[in-house]
Amino acid sequence: MSAAIATGAVSKLFSSSSFPFPSHLSPKTTSLSLLSSHNPSISFLSSLSFPKLTPLKSSANTTQHFEEEEEEEEEDIVAETEIDEYESECESEIDIEDFEKEAKFAVKEFSTSLSRQLSDETDEKRESRKQKRKKATSRDIPDHFLPKVAIVGRPNVGKSALFNRLVGGNRAIVVDEPGVTRDRLYGRSFWGEHEFMVVDTGGVVTVSKSQANVMEDLAISTTIGMDGISLQSREAAVARMPSMIEKQASAAVEESSVIIFLVDGQAGLTAADVEIADWLRRNYSNKCIILAVNKCESPGKGIMQASEFWSLGLSPLPISALSGTGTGELLDLVCSRLGKVEGPENLNEEETYIPAIAIVGRPNVGKSSILNALVGEDRTIVSPISGTTRDAIDTEFVGPDGQKFVLIDTAGIRRRAAVASSGSVTEALSVNRAFRGIRRSDVVALVIEAMACITEQDYRIAERIEKEGKGCLIVVNKWDTIPNKNQQTATYYEQDVREKLRTLQWAPIVYSTAIAGQGVEKIIVAASTVEKERSRRLGTSILNQVVQEALAFKPPPRTRGGRRGRVYYCTQAAIRPPTFVFFVNDSNLFPETYRRYMEKQLRSDAGFSGTPIRLLWRSRRKMEKDEVKGATRPQNNLTPRSEKMAVAT
């Protein structure tokens, strides 16, 4: 009872503006000290601090203040009411055809901006020129039906430069140093009515040379990329490298109908040229062998340079792969020895579409071993030397269910700083080819080593795969090196991978041992499943039902002004990767956390395992502004420049 009386007394003291303060007491301490002196039961109030209250100046100012607040509240209510009415009208005026057209435009706009970020302009120009040249051909025959033309010769005579000249692009790495090309590299070429496959090979080194000379000719290092490898293993790997390169060249010659034997006109005739000519004549006399003398830029001097090679028993033809001199005559001679090929008829787009699987990862994780285990032959050179693979190697493969794939073996991708510090132009170009391989692929197999920890470079490669919109599966190779495995080992390992590669939370994980051939068939099965998910299209009615359920379970958050995001319509505008366009009242009302929630709901309800999905959010007001701009664009072109600048500012 006494506490209630004290509280009432305090409120009266603070509400009265004419409280008589004694002259020797301050206003802050008088009220509590007086109350506590008369009533000891509320002495605890003296220890509390109350906010200082300022008396109101006049009743007129108070009335004006409350009137302004009421007007602001009324204006906010009117504005929110207008927004709600506008959004309700938008919901009632939904035109599905317009939304579908706008969705396709949004996907095209997004793809263009993304490709500009991820690719340089020169590559796009080259691709466009190549596409124009390919459109001139009358037929579209699969690669395995076309005849093959192999380019062989000793190292550093210009085989890769001639290969790029014939296929019309920059496929092979061309550096002024020997031993750059090691594996077989295939490219499609045509001349007139003829179409054929060109095979680039590594330099053939004769067995008559010593080990030191072989290493010098092939530019093989015994230190770079061989950390952690014993000296005995280094020497054995270096000793096997020339024979493995020659084995790849021999395989290319075996499957080819025409052989272009390339020599260096500036260096003249060498003992290696004589031995290669004898080898071709002795083993492949039934095939057409054309002797091309490269680096003959001057037509007058070219005849004199080529005359020295008559002693090889073949008719020399002077050419220049760099400038293109004489390549027309070379192609005429090649096509005269090739017969016309009739491909299968009635090929539709689905039959001609062959998904590509790129095998990427850091150096020396077993990418080439996986390729060889899948195709069942030594398609690429496998060596403990880091950076053995240089070019992106394409290989056709048929799965167990008859599905055709193109396997792309790529060079190991190291950190950009490490590549720059090494000063190797070849490695820089190899990494560039690896990223191009990711772009050309449909599904990427990211290979990591089981015993090695996931590094920052693995995370950056994963980010690049997600940005490119490619399907992905994570291959944990060398699984046999994990000691003391049990039933929980794979579970714990997967948790660690998911935690460190959060960008690829949706990617399946496959465990394999490529050298022993264990688990490699699971890679193709997983890649086939990922490609089907990547090409799947979800019905519009099912999609909108999933979206409405997600909105009902968790509505978009409200802003401070009380606004909330609304979804008018949703459609899947593209596949490979699946792209969904959400038409909303204002895209700014959907924060990043809610967009991730919507993606998670789409994956849990609709699937799409192993492929990234893109969610594009289009505001209704922005669409109307774009329509107005499009309607008034001819008039804006007639306005003076000064007025345009004023409008822009």
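Worth saying up front: this structure is predicted, and the values here are computed from it rather than measured.

What counts as what
- Residues numbered from 1 in each chain as written.
- Predicted model: local features only at pLDDT ≥ 70, side-chain atom pairs only at ≥ 80, totals over all residues.
- Heavy atoms only, no water.
- Helix = DSSP H or I, 4+ residues; strand = E, 2+ residues; numbered from the N terminus.
- Buried < 20%, exposed > 50% of the residue type's maximum accessible area, 1.4 Å probe, protein only.
- Contact = heavy atoms within 4.5 Å.
- Areas by Shrake-Rupley, 256 points an atom, 1.4 Å probe, with all protein chains shown as cover.
- Phe/Tyr/Trp six-rings, centres within 6.5 Å; stacked < 30°, edge-to-face > 60°.
- Lys NZ or Arg CZ within 6 Å of the ring centre and 35° of its normal.
- pLDDT = per-residue confidence, 0-100.
- Salt bridge = Lys/Arg side-chain N within 4 Å of Asp/Glu carboxyl O.
- Core = buried A, V, L, I, M, F, W, Y, C linked by side-chain atoms within 4.5 Å.
- Pairing = 2+ DSSP bridges.
- Axes fitted to C-alpha atoms, helices over the stretch in contact; angles between N-to-C directions.
- Right-handed = clockwise from strand over helix to strand, strands pointing away.
- Polar contact = N/O pair within 3.5 Å; in protein donor to acceptor, adjacent residues only side chain to side chain.
- Parallel < 35°, antiparallel > 145°, perpendicular 65-115°, else oblique.
- Left-handed = near helix turned anticlockwise from the far one by under 90°.
- Nonpolar A, V, L, I, M, F, W, Y, C, P; charged D, E, K, R; others polar.

**Comments concerning the overall build of the protein chain**
- For the protein chain, the helix and strand inventory stands at 23 helices and 15 strands.
- Within the protein chain, buried positions represent 43% of all 649 residues.
- For the protein chain, the proportion of contacts with a sequence separation of at least 24, taken over those separated by at least 6, is 72%.
- Carbon and sulfur atoms form 52% of the exposed surface of the protein chain, whose accessible area is close to 35,300 Å².

**A word on the packing of aromatic side chains**
- What the rule picks out here adds up to twelve aromatic pairs.
- Members of the aromatic cluster, joined through ring pairs, are F582, F590, Y594, Y597 and W617.
- Across the ring face of F435, the terminal group of R464 is positioned such that the distance to the ring centre comes to 4.7 Å.
- Of note, K554 hangs over the ring of Y597, and the distance from its end group to the ring centre comes to 5.0 Å.

**Topic: the confidence of the model for the protein chain**
- Across the protein chain, the average pLDDT comes to 77, with 69% of residues at or above 70.
- A low-confidence stretch, residues 120-128 stays under pLDDT 50, and its non-local contacts, those more than four residues away or across chains, total six contacts.
- Counting interchain partners and residues more than four positions distant, the pLDDT-below-50 stretch residues 207-212 has five contacts.

**Observations regarding the pattern of salt bridges**
- A full pass over the atoms with the stated rule returns 23 salt bridges.
- One salt bridge connects R618 with E102, and the closest N-O pair in it is separated by 2.2 Å. Of this pair, R618 sits in strand β15 (residues 614-619) while E102 sits in helix α4 (residues 96-118); the two residues are 516 residues apart in sequence, bridging distant segments of the chain. You'll find R618 and E102 in the same group, each marked buried.
- R563 is the salt-bridge partner of D586, the closest N and O atoms lying 3.9 Å from each other. Of this pair, D586 sits in the loop between β14 (579-584) and α20 (592-606) while R563 is found in the loop between α19 (540-553) and β13 (567-574), placing the two residues 23 residues apart along the sequence.
- Owing to a relative accessible area of 19%, D586 belongs among the buried residues under this scheme.
- One salt-bridge network, held together by shared partners, links E102, E109 and R618.

**Considering the nonpolar core**
- Grouped together as the largest cluster of nonpolar side chains are 32 residues, with contacts concentrated most on V360, L446, I474, V476, Y493, V497 and L504.
- Every element with two or more residues in this core is listed here: β7 (356-361), β9 (404-409), α15 (425-440), β10 (443-449), α16 (456-468), β11 (471-477), α17 (489-500) and β12 (509-511).
- Formed by 26 residues, the second largest nonpolar core is a distinct cluster that contains F163, I260, C288 and I393.

**Topic: the sheet that holds β9**
- The sheet built from six strands is open, its strands ordered β8-β9-β7-β10-β11-β12 with mixed pairing. Strand pairing shows two members of the sheet lacking a second neighbour, β8 (393-398) and β12, which therefore form its edges. Between one strand and the next, the sheet's axes are offset by a mean angle of 25°, whatever the strand orientation.
- Summarising the sheet, β7 and β9 pair through four bridges and their orientation is parallel. The residue bridging A356 from the neighbouring strand is V406, located in β9.
- Across the face of the sheet, helix α13 (residues 367-375) comes into contact with β7, β8, β9, β10 and β11 while running at roughly 155° to β9.
- Taken strand by strand, α16 contacts β7, β10 and β11, and its axis lies near 175° from that of β10.

**A word on the sheet that holds strand β1 (residues 148-152)**
- Sheet architecture is open: six strands sit in the order β2-β3-β1-β4-β5-β6, paired in mixed fashion. Single-partner strands in this sheet number two, and they are β2 (185-191) and β6 (316-318). Geometrically, the sheet is characterised by an average inter-axis angle of 30° between neighbouring strands, direction not taken into account.
- Here β1 pairs with strand β3 (residues 194-200) via four bridges, running parallel. Residue pairing for β3: V149 is matched across the bridge by V198.
- Where helix α9 (residues 271-283) meets the sheet, its contacts fall on β1, β4 (258-264) and β5 (288-294), and the angle it forms with β4 comes to roughly 170°.

**Things to note about the environment of I509**
- Examined against the element boundaries, I509 turns out to sit in strand β12.
- In this structure I509 comes out as buried when scored by relative accessible area, which is 17%.
- Sequence separation between I509 and L473 is 36 residues; the distance between their C-alpha atoms is 6.0 Å.
- Every residue in contact with I509, bar those within four places of it in the chain, is listed here: I474, V476, E494, V497 and R498.

**Some words on the pairing of β10**
- Extensive coverage of β10 is indicated by the burial of six of its seven residues.
- Note: β7 against β10, five bridges, orientation parallel. By the bridge assignment for β10, I359 is matched with A445.
- Taken together, the seven bridges between β10 and β11 define a ladder with parallel strand orientation. By the bridge assignment for β11, V444 is matched with C472.
- Traced from β10 through α16 to β11, the parallel crossover comes out right-handed.

**Quick look at the pairing of β13**
- With eight of eight residues buried, β13 is to be regarded as a mostly interior element.
- Adjacent in sequence and paired antiparallel, β13 and β14 are bridged by four residues, among which R576 carries a positive phi angle near 55°.

**Observations regarding the side chain of E102**
- Relative accessible area serves as the criterion here: at 16%, E102 is assigned to the buried category.
- One polar contact links E102 to R618, side chain to side chain, over a distance of 2.2 Å.

**A look at the packing of α19 against α20**
- With their axes 10 Å apart at the nearest point, α19 and α20 run at an angle of 130° to one another. In terms of axis orientation, α19 runs oblique to α20. For the crossing formed where α19 meets α20, the hand is right-handed. Along its contact with α19, which presents L543, V546, V547, A550, L551 and F553, the element α20 presents Y594, Y597, M598, Q601, L602 and D605.
- Each residue belonging to the contact of α19 with α20 can be placed in one class, and the counts come to ten nonpolar, one polar and one charged.

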